[in-house]
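Notes for the structure review
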Amino acid sequence: MSDPSRVRTGAGAHVGNVSGASAIHVLFLIFGVVASAFFPFFSLFLSDRGLTVDQIGLVVSAMAFARVVFSPLWGHVADASLGRRRVLQLGTGAAAILALVLFVLGEQVWAVAAVSIAMAGASCTAGPTLDALALDHLGDEGMADYGRIRGWGSLTYGIANFVFGAVLELVGVGWSMPFYAIGLVATAVWAFTIPVDAPKHTSGGKLGAVGDVFRASRRIVPYLAGIFLVGVGFAAAWSFLALRIEGTGGGPLLVGIGAGIGGLVEVPMMRWSSRLSRRIGLRRVYVSGCVIYAIGFVLWGLIDDPVIISMLTVIEGLGFAFIFTSGVVIVGRLVPSSLYATGQSLSQTVYFGIGPIVGGAVGGFVYGYVSPTALYLGASALTLAGAAIVWVTLTSPAFLGPVPDDEAAAAAPSEGTGHP
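Residues numbered from 1 in each chain as written. Predicted model: local features only at pLDDT ≥ 70, side-chain atom pairs only at ≥ 80, totals over all residues. Heavy atoms only, no water.

Let's talk about the pattern of salt bridges
- If you walk through the whole model with that rule in mind, you get three salt bridges.
- Notably, a salt bridge pairs D136 with R84, separated by 2.5 Å at the nearest N-O pair. Placement of D136 in helix α6 (residues 126-138) and of R84 in helix α4 (residues 84-105) is noted, with a sequence separation of 52 residues between them. Exposure class is identical for D136 and R84. Each is buried.
- Two residues, R244 and D304, come together in a salt bridge whose shortest N-O distance is 3.0 Å. Separated by 60 residues along the polypeptide, R244 in helix α11 (residues 241-247) and D304 in the loop between α13 (282-302) and α14 (306-311) bring together distant segments of the chain.
- Residue R244 is classed as buried on the basis of its relative accessible area, which comes to 6%.
- Taking relative accessible area as the criterion, D304 reaches 55% and is therefore assigned exposed. (Salt bridge = Lys/Arg side-chain N within 4 Å of Asp/Glu carboxyl O. Helix = DSSP H or I, 4+ residues; strand = E, 2+ residues; numbered from the N terminus. Buried < 20%, exposed > 50% of the residue type's maximum accessible area, 1.4 Å probe, protein only.)

Description of the packing of aromatic side chains
- Enumeration according to the criterion identifies 17 aromatic pairs in this entry.
- Ring centres of F234 and W238 lie 6.1 Å apart, and the angle between their planes is 10°; this geometry places the pair in the stacked category. Separated by four residues within a single helix, F234 and W238 lie in helix α10 (residues 220-238), roughly one turn from each other. Of the two residues, F234 and W238, neither departs from the other in class, the shared state being buried.
- Aromatic rings pair up to connect F234, W238, Y293, F297, W300, Y351 and Y376 into one cluster.
- One cation-aromatic arrangement involves R283 over W391; the distance from NZ or CZ to the ring centre is 3.7 Å. (Phe/Tyr/Trp six-rings, centres within 6.5 Å; stacked < 30°, edge-to-face > 60°. Lys NZ or Arg CZ within 6 Å of the ring centre and 35° of its normal.)

So, helix α5 (residues 109-123)
- The first and last C-alpha atoms of α5 sit 21 Å apart over 15 residues, in line with the 21 Å expected at 1.5 Å per residue.
- Taken together, the buried positions of α5 are V112, A113, V115, S116, M119, A120, G121, A122 and S123. (Expected span 1.5 Å × (residues − 1).)

Regarding the environment of S239
- Structurally, S239 can be placed in the loop between α10 and α11.
- Classification of S239 by relative accessible area gives buried; the value is 13%.
- Considering only alpha carbons, one finds S239 and P40, 199 residues apart in sequence, at a separation of 8.5 Å.
- The contacts of S239, once residues within four sequence positions are left out, are S43, V60 and F234. (Contact = heavy atoms within 4.5 Å.)

Thoughts on the side chain of R219
- Among the structural elements, R219 can be located in the loop between α9 (208-216) and α10.
- Of the polar contacts made by the side chain of R219, one reaches the backbone oxygen of T393; its length is 3.0 Å.
- Of note is the side chain of R219, whose polar atom sits 3.1 Å from the side chain of T395. (Polar contact = N/O pair within 3.5 Å; in protein donor to acceptor, adjacent residues only side chain to side chain.)

Side note on helix α12 (residues 252-280)
- S274 marks the point of greatest bend in α12, at about 30°.
- Directly beyond the C-terminal end of α12, a positive phi value near 100° is found at G281. (Bend = angle between axes of the 7 residues up to and from the residue.)

Focus on the environment of E169
- By the element assignment, E169 lies in helix α7 (residues 146-171).
- Using a relative accessible area of 41% as the deciding quantity, one classes E169 as partly exposed.
- Distance in space between the C-alpha atoms of E169 and L253 is 5.7 Å, their sequence separation being 84 residues.
- When neighbours within four sequence positions are excluded, E169 is seen to be in contact with G251, P252 and L253.

Some thoughts on the packing of α10 against helix α15 (residues 313-334)
- α15 packs onto α10 with a crossing angle of 160° between their chain directions and a minimal axis gap of 13 Å. It follows from the interaxial angle that α10 and α15 lie roughly antiparallel. Pair α10 / α15 crosses with left-handed handedness. On α15, the residues touching I220, Y223, V230, F234 and W238 of α10 are T313, E316, I323, G327, I330, V331 and L334. (Axes fitted to C-alpha atoms, helices over the stretch in contact; angles between N-to-C directions. Parallel < 35°, antiparallel > 145°, perpendicular 65-115°, else oblique. Left-handed = near helix turned anticlockwise from the far one by under 90°.)

A closer look at the side chain of S380
- Considering the arrangement of structural elements, one finds S380 in helix α17 (residues 372-393).
- Not counting the four nearest positions on each side in its chain, S380 is found in contact with A294, F297 and V298.

Remarks on the packing of α15 against helix α16 (residues 340-369)
- Interaxial distance between α15 and α16 falls to 9 Å at its minimum, and their mutual angle equals 140°. Accordingly, the angle class assigned to the pair α15 and α16 is oblique. Pair α15 / α16 crosses with right-handed handedness. The residues of α16 that touch α15, namely those facing F320, I323, F324, V328, V331 and G332, are Y340, G343, Q344, S347, Q348, Y351 and F352.
- The residue inventory of the contact of α15 with α16, partitioned by class, reads eight nonpolar, five polar and no charged. (Nonpolar A, V, L, I, M, F, W, Y, C, P; charged D, E, K, R; others polar.)

A word on the confidence of the model for the chain
- Scored by pLDDT, the chain comes out at a mean of 80, with 87% of its residues at no less than 70.
- Within the model, the stretch residues 403-420 combines pLDDT values under 50 with 40 contacts to residues more than four positions away or in other chains. (pLDDT = per-residue confidence, 0-100.)

Listed below in structure tokens is the structure:
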């Protein structure tokens, strides 16, 4: 029997004429545009501001470190203090201001690096709180349908990449920051359509909500170890893909086209992942995404044609769709609903924070001083190693499948109460 506290809370309500479902869906639509203005083009932006390849790697690592420090803190504040909506608005508002500061700085390398790091510490609120709000809206029994909601973000991500790629080719990659800021402001404003949620967690233990996540399930530590390796591999490969395309003769247009195709492919794959998770289990879906990643990384390293590399970004979209959607639900099965924001923050801290610290720094060195091929082969090997750890960690019925919906719902609370 499901825990009633885990079924359709918070975001399921209405504000004015906007339903909870519409509010959540539009948030993901907007945030897809936000992501497209930043992730595919940021290394090119840093290069445009005068940073060398190894400096870009160090900045990427430092930004990841900022996410490591601030993301769990934001998660604790969202779950135990201010609520998830307020934290989402604070983070996106602050990141928008910092993005505009980056735009006006010009070629001041150390100032650009410092503001980029501060922006990472603010913007890391968005992903985990959005995911927590989505899981709250779906409830325990509908959690497997997260991919259907997340797919809306991939739709706008894919379309916007084509637009931004073409526009930035004409006006310069520096304009990616104002576009990013506008999207962040739109996210903060639209969040007003979601009711203010009260803090859902009270903790008397060490490290607050963060410590409670680790106490909730013994599987969380090995799971995080596995996704750390996947995160290192992904960060090393993705952080330098735009430079790889540029280095083989391409430019922002090809970067945008590749990222756009990858994003559009995510849409059906994310929607399919919900059905696939019920059929073959979350563990198989996650590991399948890792294998797809590994194949894509090898091809990025071995092929020297910028057009083909750009087209092969579709593989990243396939892998990301499986890894990200199943990963959010896996964490949702591992922790109780009162810790959704903190659990998602820790997961994304490891994947998008600690992983890139290593992947960015080491990847920049290998790319610049060894070879791009060596970087991408190494990224592939690390991804497969992380997949193996996840495979041997997720052995309970909630992750194996095929599991009937009512049985999966019954298994989930036991994963989040310290008895996995």
